[in-house]
Amino acid sequence: MKLVTGAWKILVGIKDGLVLIAMLLFFGLLFAGLSAKPSTVSVRDGALVLKLNGAIVEQPAESDPFSGFSGGGRASEFRLRDVVRSLDKAAKDDRVKVVVLDLDSFGGGYPAAVDEVANALRRVRDAKKPVLAFATAYTDSAYRLAANASEIWMSPMGGTLFMGPGGSQLYYKGLIDKLGVNAHVYRVGKYKSFVEPYTRTEASPEAKEEVVKLYQVLFAQWQEAITKARPKAKFQPFLATPGAVITAAQGDIAKANLDAGIVDKLGSRLDFGKRVAQIAGADDKKGAGAFKTIKYDAYVADNPLPTNGSKIGVLTIAGDIVDGKSNGGNVGSDTVVKLVLEALAKKDLKALVVRVDSPGGSALASEDMRRAIQEAKAQKLPIVISMGSVAASGGYWVATAGDMIFAEPTTITGSIGIFGIIPTFENTLKKIGLTSDGVRTTPLSGQPDIYGGTNPETDAIFQAGIENGYRQFITRVANARKLSTTRVNEIGQGRVWDGGTARQIGLVDRFGGLNDAVAEAAKRAGLKPEDVHAEYLEKKPSAWAKFFAQILESNKDDDTSAGDAFTRMAAERRAVFARALGDVKRIGTGAAIQARCLECDGLGGNTPRAGDARLVDLVLARIGL
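Residues numbered from 1 in each chain as written. Predicted model: local features only at pLDDT ≥ 70, side-chain atom pairs only at ≥ 80, totals over all residues. Heavy atoms only, no water.

**Looking at the overall build of the chain**
Move 1: Across its full length, the chain holds 24 helices and 22 strands.
Move 2: Among the 625 residues that make up the chain, the fraction classed as buried is 49%.
Move 3: Long-range pairs, those at least 24 residues apart, make up 77% of the contacts in the chain with a sequence separation of at least 6.
Move 4: As presented, the chain carries roughly 30,100 Å² of accessible surface, and 57% of it is formed by carbon and sulfur atoms. (Helix = DSSP H or I, 4+ residues; strand = E, 2+ residues; numbered from the N terminus. Buried < 20%, exposed > 50% of the residue type's maximum accessible area, 1.4 Å probe, protein only. Contact = heavy atoms within 4.5 Å. Areas by Shrake-Rupley, 256 points an atom, 1.4 Å probe, with all protein chains shown as cover.)

Here you go:
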């Protein structure tokens, strides 16, 4: 009896403890919410500050409400269309005296996204409004933006070194062999290189050749844009012989940048703040270097999307394509299908624009999305595809549902190919003395057998399925693009193309952004572009998500200094490592059959996904770094 009584007291104690913890958490969150800064702030005269301490993306991932409290928060993400709309509004807004670019912790973005923001900054300049940029050290993508500023400031203790696209890619074959893992790869496409890290210790000559072609085109476009924006800047020596340039400057990178006209002013944040205050007005309530500020979030809220006129639906497919629901930066087929069908059921859309910004993913999910979009065709709605930064593999599969495809010259597309990976662990188990055996009634009993390995019948079936998927892929492309399957196979095979080349070979119809696609959709619906507005079909964040986001935003640390050129370079490589480890996890837990682009990840897509940073911390801790 005493034992029962004691156990009961322990259970009651645990219950009381959990209740107390829950109450403390509730009142803590309530206090934080009440003390948080209000979400609506009136916009007054001042400097519009774009503190881009994160990546520019098509569709920001919804944050985990508890990540900020657990220490696992991820970097900010800025929605491309919001940034561009804010800059275009600022160009004509008398309240905005100057646009300030804080690029110290800029997370970058794919070339097409960065180009679009850079062009919007140029429009601000063309409207005779000053644009001032500051960073301790500029990355390539940050400088693509800053080049359009009227004044480029940099810390005298910093310095900018241009890296260009490229770098090392992890190959796991050696590790897989050591562990005894048997990676069964089924593929179609001579250039479908996504599987190579699991089957080779280095890139194949074919894959390397294709990557070099793509990188050369995109890097040439970057250089052309920089030259146009800063015609007097002498940046070529920093690309060709950076060691000699910096050695000649006795290691003073900032002074070398200034002498070459890459930056206009060297100064601290205090100096920069005083300069902005001369234009926007000083903030007398704060110390020296403070200026009247228009916060970005407040300005976005003050300039909402238009709602007048007929509705042109805009469906965004951004991120890795996965089966199921969208989450953590992935786009799920169930979520997309539901959004499309619910919008079509209302019968108030005049046309549909599909904005694709994805390197691909699950072939099944890609097909489910394509079929849902085709329901719009059944309702006689025009369908226009707008490719964002990347629309490759599964992203291009989805794009075959459209009547016309728009892309940017720097859009990454193609990668028409398909693959599957199934790991088995028979050799791993043998290393520790484990074996497997069993009874089978058919050749497929227990297959694919992760303990004993696959058999020839299973391998044959999977390879045949992959080949059938590839035939479906090229057939859909052929029908959509009015090409023969032979021709699609020639330009397919997993090859990745820049937007300019893709237009030449018939994978893209026109150059243009999302607004151009919406205007074209309106015309195809018999409407004037000025008489329509974009109605975004997207999952609305929950009230709780908004509440927590506001709390976390209000408690952000203002210190976002990213350090000098060497610190920035090291941080970028760490991000690449984190993303690579995350990809290993995703390939092992995702769909078995995928249409996905490897080359896309090295061109602005290296920002770690949710959980990747924690994964790399765990790995480095295990190896003692």
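**Structural notes on the sheet that holds strand E1 (residues 46-51)**
Move 1: The six strands lie next to each other as E8-E6-E5-E4-E1-E9, forming an open sheet whose pairing is parallel. Edge positions in the sheet fall to strand E8 (265-266) and strand E9 (293-295), since each of these pairs with one other strand and no more.
Move 2: The pairing of strand E4 (residues 96-102) with strand E5 (residues 131-135) spans four bridges and is parallel. Residue pairing in the sheet places Leu101 in a bridge with Ala133 of E5. (Pairing = 2+ DSSP bridges.)

**Remarks on the side chain of Arg370**
Move 1: For Arg370, the position within the fold is in helix H15 (residues 363-378).
Move 2: Note on Arg370: relative accessible area 8%, which makes it buried.
Move 3: Setting aside its immediate chain neighbours within four residues, Arg370 contacts Trp397, Val398, Thr400, Ala401 and Arg476.

**Side note on the nonpolar core**
Move 1: Counting 56 residues, the largest nonpolar core has Leu103, Tyr138 and Leu145 as the members making the most contacts within it.
Move 2: The element best represented in this core is helix H4 (residues 111-126), accounting for seven residues.
Move 3: Of all hydrophobic cores here, the second largest spans 49 residues; its members include Leu315, Ala372, Ala399 and Ile474. (Core = buried A, V, L, I, M, F, W, Y, C linked by side-chain atoms within 4.5 Å.)

**Some remarks on the packing of aromatic side chains**
A ring pair, where both rings are aromatic, is described by two values, the distance of the centres and the angle of the planes.
Move 1: Tallying each qualifying case throughout the model produces eleven aromatic pairs.
Move 2: When the ring of Tyr143 is compared with that of Phe162, the centres are 5.3 Å apart and the planes differ by 65 degrees; the resulting orientation is edge-to-face. Of this pair, Tyr143 sits in helix H5 (residues 140-146) while Phe162 sits in the loop between strand E6 (151-154) and helix H6 (173-179), placing them 19 residues apart in sequence.
Move 3: For Tyr143, a relative accessible area of 0% translates into the label buried.
Move 4: Assessed through its relative accessible area of 9%, Phe162 is described here as buried.
Move 5: Through a chain of ring-to-ring contacts, three or more aromatic side chains come together here, namely Tyr138, Tyr143, Phe162, Phe219, Trp222 and Phe235.
Move 6: Lying over the aromatic face of Tyr536, Arg81 brings its terminal NZ or CZ to 3.6 Å of the ring centre.
Move 7: The ring of Phe511 carries the charged tip of Arg503 above its face, separated from the ring centre by 4.7 Å. (Phe/Tyr/Trp six-rings, centres within 6.5 Å; stacked < 30°, edge-to-face > 60°. Lys NZ or Arg CZ within 6 Å of the ring centre and 35° of its normal.)

**Side note on unusual backbone geometry**
Move 1: Following Gln447, the chain continues to Pro448 via a peptide bond in cis, the omega torsion being -10 degrees.
Move 2: Along the polypeptide, Pro448 turns up in the loop between helix H17 (426-431) and helix H18 (456-481).
Move 3: The phi angle at Lys128 is positive, at roughly 65 degrees, despite the residue not being glycine.
Move 4: With respect to the secondary-structure elements, Lys128 resides in the loop between H4 and E5.
Move 5: If you check the backbone angles, Gln250 has positive phi at about 55 degrees while not being a glycine.
Move 6: Following the sequence through the fold, Gln250 ends up in the loop between helix H10 (242-248) and helix H11 (253-259).

**Observations concerning the environment of Gly328**
Move 1: With respect to the helices and strands, the residue Gly328 is situated in the loop between strand E11 (321-322) and strand E12 (331-332).
Move 2: Put simply, Gly328 and Ala61 are 267 residues apart on the chain and 5.5 Å apart in space, counted from C-alpha to C-alpha.

**Let's talk about H18**
Move 1: The first and last C-alpha atoms of H18 sit 37 Å apart over 26 residues, in line with the 38 Å expected at 1.5 Å per residue.
Move 2: Thr458, Ile466, Gly469, Tyr470, Phe473, Ile474, Val477, Ala478, Ala480 and Arg481 are the residues of H18 that are buried.
Move 3: Directly after H18, the chain includes Lys482, whose backbone phi takes a positive value near 60 degrees. (Expected span 1.5 Å × (residues − 1).)

**Here's the deal with the pattern of salt bridges**
Move 1: Applying the stated criterion across every chain, the model contains 29 salt bridges.
Move 2: Notably, a salt bridge pairs Arg370 with Glu367, separated by 2.9 Å at the nearest N-O pair. Note that Arg370 and Glu367 are positioned in helix H15 at a spacing of three residues, about one turn of the helix. In terms of burial, Arg370 and Glu367 fall into one category: buried.
Move 3: Here Arg487 and Glu490 are joined by a salt bridge, their closest N and O atoms 3.3 Å apart. Highlighted residues: Arg487 and Glu490, both in helix H19 (residues 485-491), separated by three residues, approximately one helical turn.
Move 4: Salt bridges sharing common partners tie together Arg79, Arg81, Asp82, Arg85 and Glu538. (Salt bridge = Lys/Arg side-chain N within 4 Å of Asp/Glu carboxyl O.)

**Considering a nonpolar patch on the surface**
Move 1: Where nonpolar side chains cluster on the molecular surface, the patch consists of Phe425, Ile450 and Tyr451 and spans about 280 Å² of accessible area.
Move 2: One can find Ile450 in the loop between H17 and H18.
Move 3: By relative accessible area, which is 38% here, Ile450 ends up partly exposed. (Patch = residues over 30% accessible without salt bridge, like charges linked within 9 Å, V, L, I, M, F, W, Y side chains within 5 Å.)

**Quick look at the side chain of Glu58**
Move 1: Looking at the element boundaries, Glu58 is found in the loop between strand E2 (54-57) and helix H2 (67-70).
Move 2: Judged by relative accessible area, Glu58 falls into the buried class, the value being 7%.
Move 3: A distance of 2.9 Å separates the side chain of Glu58 from the side chain of Arg355, its partner in a polar contact.
Move 4: When near neighbours in sequence (up to four residues on either side) are disregarded, Glu58 contacts Arg79, Leu80, Thr316, Ala318, Arg355 and Asp357. (Polar contact = N/O pair within 3.5 Å; in protein donor to acceptor, adjacent residues only side chain to side chain.)

**Observations regarding the packing of helix H3 (residues 80-92) against H4**
Move 1: The geometry of H3 relative to H4 is characterised by a closest axis approach of 8 Å and an angle of 10 degrees between their N-to-C directions. In terms of their interaxial angle, H3 and H4 are classed as roughly parallel. The residues of H4 that touch H3, namely those facing Leu80, Val83, Val84, Leu87, Asp88 and Ala91, are Ala113, Glu116, Val117, Ala120, Leu121, Arg123 and Val124.
Move 2: Of the residues that constitute the contact of H3 with H4, the class distribution is ten nonpolar, no polar and three charged. (Axes fitted to C-alpha atoms, helices over the stretch in contact; angles between N-to-C directions. Parallel < 35°, antiparallel > 145°, perpendicular 65-115°, else oblique. Nonpolar A, V, L, I, M, F, W, Y, C, P; charged D, E, K, R; others polar.)

**A word on the environment of Ser386**
Move 1: Position of Ser386 relative to the elements: it lies in strand E15 (residues 383-392).
Move 2: The buried category is assigned to Ser386, whose relative accessible area is 0%.
Move 3: Between the alpha carbons of Ser386 and Leu315 there is a distance of 9.9 Å; along the sequence they are 71 residues apart.
Move 4: Beyond its immediate stretch of four places on either side in the chain, Ser386 contacts Val353, Val354, Arg355, Val356, Phe406, Gly513, Leu514 and Ala517.

**A word on the packing of helix H14 (residues 333-345) against H15**
Move 1: Between H14 and H15, the least distance of the axes is 9 Å, while the angle of their chain directions is 5 degrees. In terms of axis orientation, H14 runs roughly parallel to H15. Each of Ser333, Val336, Val337, Val340, Leu341 and Leu344 in H14 lies in contact with H15, whose residues at this interface are Ala365, Asp368, Met369, Ala372, Glu375 and Ala376.
Move 2: Residues belonging to the contact of H14 with H15 are distributed by class as follows: nine nonpolar, one polar and two charged.

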